[in-house]
Amino acid sequence: MRQDKKLVIGLFGFGVVGEGIYEVLKKTPSLQAAVKKICIRDGSKHRNAPAALFTTDAGDILNDPAINVVVELISDAEAAYAIVCRALQSRKAVVSANKKMIAEHLQELLRLQAAHGVPLLYEAAVCGSIPVLRNLEEYYDNDLLDGFCGIVNGSTNFILSRMYEDRMDYRSALLQAQSLGFAEADPRLDVEGIDAVNKLAIVLLHGYGIIAPPEHLLHIGISRLHAADAALAAEKGQQVKLTAQARKLSGGAVAAFVLPQFVGSDSQLFQVRNEYNGVVLQTAFADKQFLYGKGAGRFPTASAVLSDLSALRYDYRYEYRKLHGSEGNVLTQDFYLRVYVSFEWDSAVDRTDFEWVEAFHCQGDRQYLIGVIHFERLLQSRWLHRKEVSLVVCPDGFVEDVAARKLRRRSLELAGSPYVDRVGVAIDGYVVEEEP
Ligand code: HSE
């Protein structure tokens, strides 16, 4: 698309973000982009735009040769996929914010872009207004990205903020997130960590060149968090946040998951409140970098759609350099995590699943332990998905020197001092106690 060419837009969806981009485009005439048609499902609703713009027939957009850009902003992921496929096949550029649709169909969407020579841009799909994907594509277009740790779901962060700052109950906080337009049409996608894992799958492609179906990535949301977990965090000056993480391990393979995590005040994520998102990038030479901004809501999300539209004017497209480059990153489940697990009765969590247990507490009817566990063992454990079990990753969750520590422990035991590394050592602010 040339600089002087006008963007003639067919918009699918006129919900929170759809109406947002319509408003934003009216305020940015310099973009030379005009909405020609808006396709909606329910033609009987009142809309804040001229009636002549609306249609319920997708063909009015997809078969119109004058429309050169399709902006897809509907919540039904399968319907969105059908629209995006037809648009790309019709050689129309596409901008979408539908992370579920994109994450579930990465391979085919890559193929369609290549086959038809048209771009699909989706900056709004990950962290709303924060330019995460463009940064991963352009700035980190090398193999220097060691880690990605982010709060990528605004609704859950909003709910956690309201619950722990205002003592609001979970249900009211969720209702508020819905009424403010942050939550998905099906809010289970937010609170079960599915939205976050969809975003993580997209990050894995742009950050590491890995195509991973989201259902293959471990994701646990916030619905099983217990008040005792937050109370413990507060006692330690920490907070519980839902984080999406990808980490290049010392062996070169990549670990990835979405899990609640204790975050201390020394982390930039500690200050990320409400619907804001934040991403800490760990790079080989620059050390840490932090991206921050609104991750949900009408205008923040519309601003990322606007940025994609603007990029189309200079023919921008994702190069997927990491995927096509020589790096050949692979996902691994062969790593260790330090986790906190809380549960209701002693037998609920099998301690033998852990390499070692660093702390164990029993308070009222709630117990918790902190221990180091192999990720594969965690996935296979019979307790991980029990509804009364809550798991939170410790602040410095990755433990890379397990073999050396086990060897040290063994030699200490042989030397007759079996408890040296279990008693009185502070790990991440938790006092390690001798096992009972
Ligand atoms: N439901 C999503 C969130 C919307 O809360 O982050 C933005 O992707």
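Quick note: structure is the one above.
Reference entry: report on the structure contained in this document.

Parameters and conventions
- Residues numbered from 1 in each chain as written.
- Predicted model: local features only at pLDDT ≥ 70, side-chain atom pairs only at ≥ 80, totals over all residues.
- Heavy atoms only, no water.
- Helix = DSSP H or I, 4+ residues; strand = E, 2+ residues; numbered from the N terminus.
- Rg over C-alpha atoms; globule rule 2.2 N^0.38 Å.
- Buried < 20%, exposed > 50% of the residue type's maximum accessible area, 1.4 Å probe, protein only.
- Axes fitted to C-alpha atoms, helices over the stretch in contact; angles between N-to-C directions.
- Parallel < 35°, antiparallel > 145°, perpendicular 65-115°, else oblique.
- Left-handed = near helix turned anticlockwise from the far one by under 90°.
- Contact = heavy atoms within 4.5 Å.
- Nonpolar A, V, L, I, M, F, W, Y, C, P; charged D, E, K, R; others polar.
- 1 Å grid on protein atoms, 1.4 Å probe; cavity = no way out; pocket = protein on both sides within 12 Å on 5 of 7 lines; lining within 4 Å.
- Points joined across faces, edges and corners; volume = space filled by probe spheres on them.
- Salt bridge = Lys/Arg side-chain N within 4 Å of Asp/Glu carboxyl O.
- Pairing = 2+ DSSP bridges.
- Phe/Tyr/Trp six-rings, centres within 6.5 Å; stacked < 30°, edge-to-face > 60°.
- Lys NZ or Arg CZ within 6 Å of the ring centre and 35° of its normal.
- Near = heavy atom within 4 Å.
- Polar contact = N/O pair within 3.5 Å; in protein donor to acceptor, adjacent residues only side chain to side chain.
- Areas by Shrake-Rupley, 256 points an atom, 1.4 Å probe, with all protein chains shown as cover.
- Disulfide = S-S within 2.5 Å.

1. Regarding the overall build of the protein
- Summing up its helical and strand segments, the protein has 15 helices and 18 strands in all.
- Taking 436 residues into account, the globule formula puts the C-alpha radius of gyration at 22 Å, and the protein, at 24 Å, falls close to it.
- The C-alpha extent of the protein, read off along each of the three principal axes, is 80 × 50 × 35 Å.
- Of all 436 residues assigned to the protein, the portion counted as buried reaches 55%.

2. Focus: the packing of helix α1 (residues 16–26) against helix α12 (residues 298–312)
- As a packed pair, α1 and α12 sit with axes 8 Å apart at the nearest point and diverge in direction by 60 degrees. Taken together, the axis directions place α1 and α12 in an arrangement best described as oblique. Crossing of α1 against α12: the hand is right-handed. From α1, V16, V17, E19, G20, I21, E23, V24 and L25 reach across to α12, where they touch R298, F299, T301, A302, V305, L306 and L309.
- Broken down by class, the residue content of the contact of α1 with α12 amounts to ten nonpolar, two polar and three charged.

3. Details of the layout of surface pockets
- Of the pockets and cavities examined, the second largest pocket occupies roughly 560 Å³.
- Lining the second largest pocket we find 24 residues, and of these R247, Q261, K288, P395 and D396 sit closest to its centre.
- For the lining of the second largest pocket, the elements supplying multiple residues, two or more each, are β7 (145–151), β9 (238–248), β10 (254–264), β11 (276–283) and β16 (390–399).
- Class assignment for the residues of the lining of the second largest pocket results in ten nonpolar, nine polar and five charged.

4. Focus: the pattern of salt bridges
- Taken as a whole, this structure holds 21 salt bridges when the rule is applied.
- One salt-bridge network, held together by shared partners, links K99, E184, D195 and K199.

5. Section: the sheet that holds strand β6 (residues 120–121)
- Strand order in the open sheet made by the six strands is β3-β2-β1-β4-β5-β6, with parallel pairing throughout. Two strands in the sheet have a free side with no partner beyond their single neighbour: β3 (54–55) and β6.
- Of the pairings in the sheet, the one linking strand β5 (residues 93–96) to β6 comprises two bridges and is parallel in character. Residue pairing for β6: V94 is matched across the bridge by L120.
- Against the sheet, helix α3 (residues 77–89) makes contact with β1 (7–12), β4 (69–72), β5 and β6, and its axis sits at roughly 170 degrees relative to β4, the strand it touches most.

6. As for the packing of aromatic side chains
- Using the criterion set out here, one finds 18 aromatic pairs in the structure.
- Here F14 and Y22 contribute two aromatic rings whose centre-to-centre distance is 5.7 Å and whose plane-to-plane angle is 70 degrees, an arrangement assigned as edge-to-face.
- Judged by its relative accessible area of 10%, Y22 falls in the buried class.
- Here the aromatic rings of F257 and F335 are separated by 6.3 Å at their centres, their planes lie at 20 degrees, and the arrangement is stacked. Highlighted residues: F257 in strand β10 and F335 in the loop between α13 (321–324) and β13 (336–343), separated in sequence by 78 residues.
- On the basis of relative accessible area, F335 is assigned to the buried category, the value being 5%.
- The ring of F158 carries R162 above its face, with NZ or CZ at 5.7 Å from the centroid.
- Residue placement shows R351 over the ring face of F360; its charged tip is 4.3 Å from the ring centre.

7. Quick notes on the site of the ligand
- Taken together, K99, N153, G154, S155, F182, A183, E184, D190, D195, K199, G295 and A296 make up the full set of residues adjacent to the ligand.
- Between an oxygen atom of the ligand and a side-chain N or O atom of S155, the distance comes to 2.6 Å.
- In isolation the ligand has 260 Å² of accessible area, and contact with the protein removes 94% of it.
- Contributions of two or more residues to the shell around the ligand are made by α7 (154–166) and α10 (194–208).
- Class assignment for the residues of the shell around the ligand results in three nonpolar, four polar and five charged.

8. Thoughts on the environment of L225
- For L225, the position within the fold is in the loop between β8 (218–219) and α11 (227–235).
- Spatially, the C-alpha atom of L225 lies 8.4 Å from that of V392, the residues being 167 residues apart in sequence.
- The contacts of L225, once residues within four sequence positions are left out, are L160, Y164, V240, P260, S390 and V392.

9. Thoughts on the state of the cysteines
- Going through the model one piece at a time under the given rule, you end up with zero disulfides.
- Free cysteine: C85, not disulfide-bonded; nearest cysteine sulfur from C39 at 16 Å.
- Take C394: it sits in no disulfide, and the sulfur closest to it among the cysteines is that of C149, at 13 Å.
- In this structure C394 comes out as buried when scored by relative accessible area, which is 0%.

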